[in-house]
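Each chain is listed here by its residues.
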Amino acid sequence: MLLLAASLFSCKQEEKKESLYTTPAADEGAEAAGISQDPSVSLGREIFNGKGNCFSCHKPEQKVIGPSIKQIAKIYKDKNGDMVQFLKGKGEPIVDPSQYEVMKTNFYITRNFSEEELKALEDYMYSHLDKR
């Protein structure tokens, strides 16, 4: 009986480790809001709201400290910019150059992301564009 209880407890612990930054309810809310459930977009959302700490300066539709996610995605799309290179600290600021010094302080975080994580962040940002 004790063994069964211990194994159930360890399974519960494994379930909790699956995602550090989102919950099923958060994903359902994203789906209801029309945000893609593509695995790359989901990973990008986790990074944006978690270890990337992007959410503290960027919101989906309004400028807070930094420009909105929609504004960033639209400008990068319109100018055929390379968001991944920018997040590596290797690209020119094209959205709001006056805020570059503020963003530059975050490159110590984004430079440590893998290519997959950077691409996922980019996919997440682009997922906020109107699909019309």
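Just so it is clear, the structure is predicted and the values come from calculations on it, not from any experiment.

Enquirer: Which parts of the structure should I look at to understand the packing of aromatic side chains?
Expert: The description of two aromatic rings rests on the distance between their centres and on the angle between their planes. Per the counting criterion, the structure on display carries four aromatic pairs. Here the aromatic rings of Phe86 and Tyr100 are separated by 6.1 Å at their centres, their planes lie at 55°, and the arrangement is tilted. Linking Phe86 in helix α5 (residues 83–87) with Tyr100 in helix α6 (residues 100–104), this pair joins segments that are 14 residues apart in sequence. Taken together, the ring pairs in this structure connect Phe86, Tyr100 and Phe107 into an aromatic cluster.

Enquirer: What is the right way to read the pattern of salt bridges from this model?
Expert: Pairing between side chains becomes possible if they bear opposite charge and their charged atoms approach one another. Following the criterion strictly, the structure yields eight salt bridges and no others. One salt bridge connects Glu115 with Lys88, and the closest N-O pair in it is separated by 2.4 Å. Of this pair, Glu115 sits in helix α8 (residues 115–126) while Lys88 sits in the loop between α5 and α6, and the two are 27 residues apart along the sequence. For Glu115, a relative accessible area of 48% corresponds to the partly exposed category. The residue Lys104 makes a salt bridge to Glu101 at a minimum N-O spacing of 3.4 Å.

Conventions adopted
- Think of each chain on its own: its residues are numbered from 1, step by step along the sequence as written.
- Confidence filtering applies because this is a predicted model: local features only for residues at pLDDT of at least 70, side-chain atom pairs given and counted only at 80 or more, and all residues used for totals across whole chains, interfaces and linings.
- Excluded from the side-chain calculation are hydrogens and water; included are all heavy atoms of the structure.
- Side-chain rings of Phe, Tyr and Trp, where Trp is taken by its six-membered ring, are said to pair if the distance between their centres is within 6.5 Å; with planes under 30 degrees apart they count as stacked, over 60 as edge-to-face, and otherwise as tilted.
- The secondary structure listing takes helices from DSSP runs of H or I that are at least 4 residues long and strands from runs of E that are at least 2 residues long, numbered from the N terminus.
- Salt bridges are defined as contacts in which a side-chain nitrogen from Lys or Arg sits within 4 Å of a carboxyl oxygen from Asp or Glu.
- Under the scheme applied here, a residue whose accessible area is under 20% of the maximum for its type counts as buried, over 50% as exposed, and between as partly exposed, the area being computed with a 1.4 Å probe on protein chains only.

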